[in-house]
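Working through the structure, step by step
Listed below are the residues making up each chain.
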Amino acid sequence: MSLSVERPDTRSLPSQKPIRLLDNAGHAVHGTATGGFDLPDPTTLLDLYRRMVVARRFDVQVTALTRQGRLATYPSALGQEACEIGAISAIEARDWFFPTYRDSIALLTRGIAPGDILASFRGDWHNGYDQHAHRTASQATPLATQALHAVGLGHAARLRSDPIVTLTMLGDGATSEGDAHEAFNFAAVWQTPTVFVVQNNQFAISTPISRQTRAATLADKAVGYGMPGFHVDGNDVAAMYAVTRAAVERARSGGGPTLIEGLTYRIEAHTNSDDPTRYRASRDVEHWKRRDPIERLERYLVSEGALGEQARTEIADAAEQVAADTREVMTAEAQIDPLELFDHVYARPRAALLEQRARLEAELAEASAAASAGAAR
């Protein structure tokens, strides 16, 4: 994928101030800036903190493994933990999640094992986990296609009077796709129980948001579709959780879809094959590092006496265990069966597919026999 680069983007932040419940220093926000949402209780916030710490340790570990050549590629979500963890924590186990390729930490929070999450990035499987067991669709690489799937499943559930909610995450670049427009419009017209969470990390690979839209915020687009839209501080996990939770409850009660934009920033490169220094300034990266979502929540929890040294140690140990488990599963040699290529293609395999499978099976048997004969000599 080529990059069209002219100069780093120097655009200012959107003029509309995002909803926030905790400021950058970790102080509770009051007044109109909260958008009428309440700060979650300390127990909920401590759980969100734990999930973010574990998620970041996993993300950092996977990035290191990618640089060692253990994975083909990996899109890091470093810096976007509040967006992902706040949103995914707001849905229930019965609800369906439709992620993108950058939402691995949301899958981890959803209870999917590291090895199953990373199977596709290593090239073992297109999807390494049981979608129905986890109520989580495959991570979508094509932009915005998963939004249509979320709306379709939500519409079907509504027709069956099944009280589930579908949550899908998109990047800011995905909102420039026709599939996103179709998903937003269909969801609003048919009032599907769908929550759209747009992680606006301000760059679609190298394309800044200023070259994607003239709207002040992406949340403003919700007006044109006839559904609520919320512009949220995406580095404030309390706000992301509260707003998403309200949208989920609204959807479940028959109130229809909601568009939530979380304003955040991608600290790492788009993927390990990307060079972000070609299109963004290092000073902007440093600026957003100072708005770290984990540090912000940590300051608040410490000030409230909800996070002590013992809890901090226990959370850090749990994060290190996840990192160790990830290293172990990614170090082990993958057991690949070439015949699995033909599994799960059709419910009833076609004759041509069965013929191809038989041919490959014969070739593999012949190669195995030749190798055994060579070893015996």
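Up top is the structure these notes are about.
Summary of the structure given here. Given the structure is predicted, the values throughout are model-derived calculations rather than measurements.

Definitions and cut-offs
- Residues numbered from 1 in each chain as written.
- Predicted model: local features only at pLDDT ≥ 70, side-chain atom pairs only at ≥ 80, totals over all residues.
- Heavy atoms only, no water.
- Axes fitted to C-alpha atoms, helices over the stretch in contact; angles between N-to-C directions.
- Helix = DSSP H or I, 4+ residues; strand = E, 2+ residues; numbered from the N terminus.
- Parallel < 35°, antiparallel > 145°, perpendicular 65-115°, else oblique.
- Left-handed = near helix turned anticlockwise from the far one by under 90°.
- Contact = heavy atoms within 4.5 Å.
- Nonpolar A, V, L, I, M, F, W, Y, C, P; charged D, E, K, R; others polar.
- Pairing = 2+ DSSP bridges.
- 1 Å grid on protein atoms, 1.4 Å probe; cavity = no way out; pocket = protein on both sides within 12 Å on 5 of 7 lines; lining within 4 Å.
- Points joined across faces, edges and corners; volume = space filled by probe spheres on them.
- Buried < 20%, exposed > 50% of the residue type's maximum accessible area, 1.4 Å probe, protein only.
- Salt bridge = Lys/Arg side-chain N within 4 Å of Asp/Glu carboxyl O.
- Phe/Tyr/Trp six-rings, centres within 6.5 Å; stacked < 30°, edge-to-face > 60°.

Contact geometry for helix α4 (residues 114-122) and helix α12 (residues 309-331): axes closest at 10 Å, N-to-C directions at 45°. As summarised for this structure, α4 and α12 are arranged oblique, according to the angle between their axes. With respect to the hand of their crossing, α4 and α12 are arranged in right-handed fashion. Between α4 and α12, the contacting residues are P114, G115, L118 and R122 on the first element and T326, V329 and M330 on the second. When grouped by side-chain class, the residues that make up the contact of α4 with α12 number four nonpolar, two polar and one charged.

Sheet strands pair by backbone hydrogen bonding; their relative direction is either parallel or antiparallel. With parallel pairing, the five strands of this open sheet are ordered in space as β1-β2-β3-β7-β6. Lying at the two open borders of the sheet, with one neighbouring strand each, are β1 (96-98) and β6 (229-233). Here the average twist between neighbouring strands, direction ignored, is 20°. Here three bridges tie β1 to strand β2 (residues 166-171), and the two strands are oriented parallel to one another. Within β2, the position partnered with F97 by the bridge is L167. Across the sheet, helix α6 (residues 145-159) touches β1, β2 and β3 (194-200), and the angle it forms with β2 is around 165°.

Here the largest pocket defines a volume of roughly 820 Å³. Considering the residues around the largest pocket, the lining is formed by 41 residues, among which Y101, R102, T141, L143 and H270 are closest to the centre. Among the elements of the structure, α4, β2 and β4 (203-204) are those that each provide at least two residues to the lining of the largest pocket. Examining the composition of the lining of the largest pocket, we find that three residues originate from one element, β2, more than from any other. Its residues assigned to classes, the lining of the largest pocket comprises 16 nonpolar, 19 polar and six charged.

Unusually for a residue other than glycine, A144 sits at a positive phi of about 75°. Along the polypeptide, A144 turns up in the loop between α5 (131-134) and α6. A positive phi angle, near 55°, is found at I205, a position not held by glycine. Secondary-structure assignment places I205 in the loop between β4 and β5 (207-208). Of the residues examined, I205 reaches a relative accessible area of 17% and is grouped as buried.

We now examine the pattern of salt bridges. Once their charged atoms are close, side chains differing in charge can pair, the charge on each being opposite to the other. On inspection of all chains with the given rule, the structure shows 22 salt bridges. Across the salt bridge formed by D47 and R51, the nearest N and O atoms sit 3.0 Å from each other. Residue D47 and its partner R51 are located together in helix α1 (residues 42-67), separated by four residues, close to a single helical turn. With relative accessibility at 26%, the residue D47 sits in the partly exposed group. Here E286 makes a salt bridge to K289, at a shortest N to O gap of 3.5 Å. Of this pair, E286 and K289 both sit in helix α10 (residues 282-289), three residues apart, roughly one helical turn. One connected set of salt bridges, linked through shared partners, spans E92, R94, D95, R245, E249 and R252.

Okay, the packing of aromatic side chains next. Taken as a whole and assessed by the stated rule, the structure comprises eight aromatic pairs. Judged by centre distance (4.8 Å) and plane angle (85°), the ring pair of F184 and F196 falls under edge-to-face. With F184 in helix α7 (residues 178-190) and F196 in strand β3, this residue pair connects regions lying twelve residues apart in the sequence. Here the aromatic rings of F203 and Y279 are separated by 5.4 Å at their centres, their planes lie at 50°, and the arrangement is tilted. Separated by 76 residues along the polypeptide, F203 in strand β4 and Y279 in the loop between β7 (258-263) and α10 bring together distant segments of the chain. In this structure, F203 and Y279 share a single accessibility class: buried.

Function-wise, these values are silent; they only describe arrangement.
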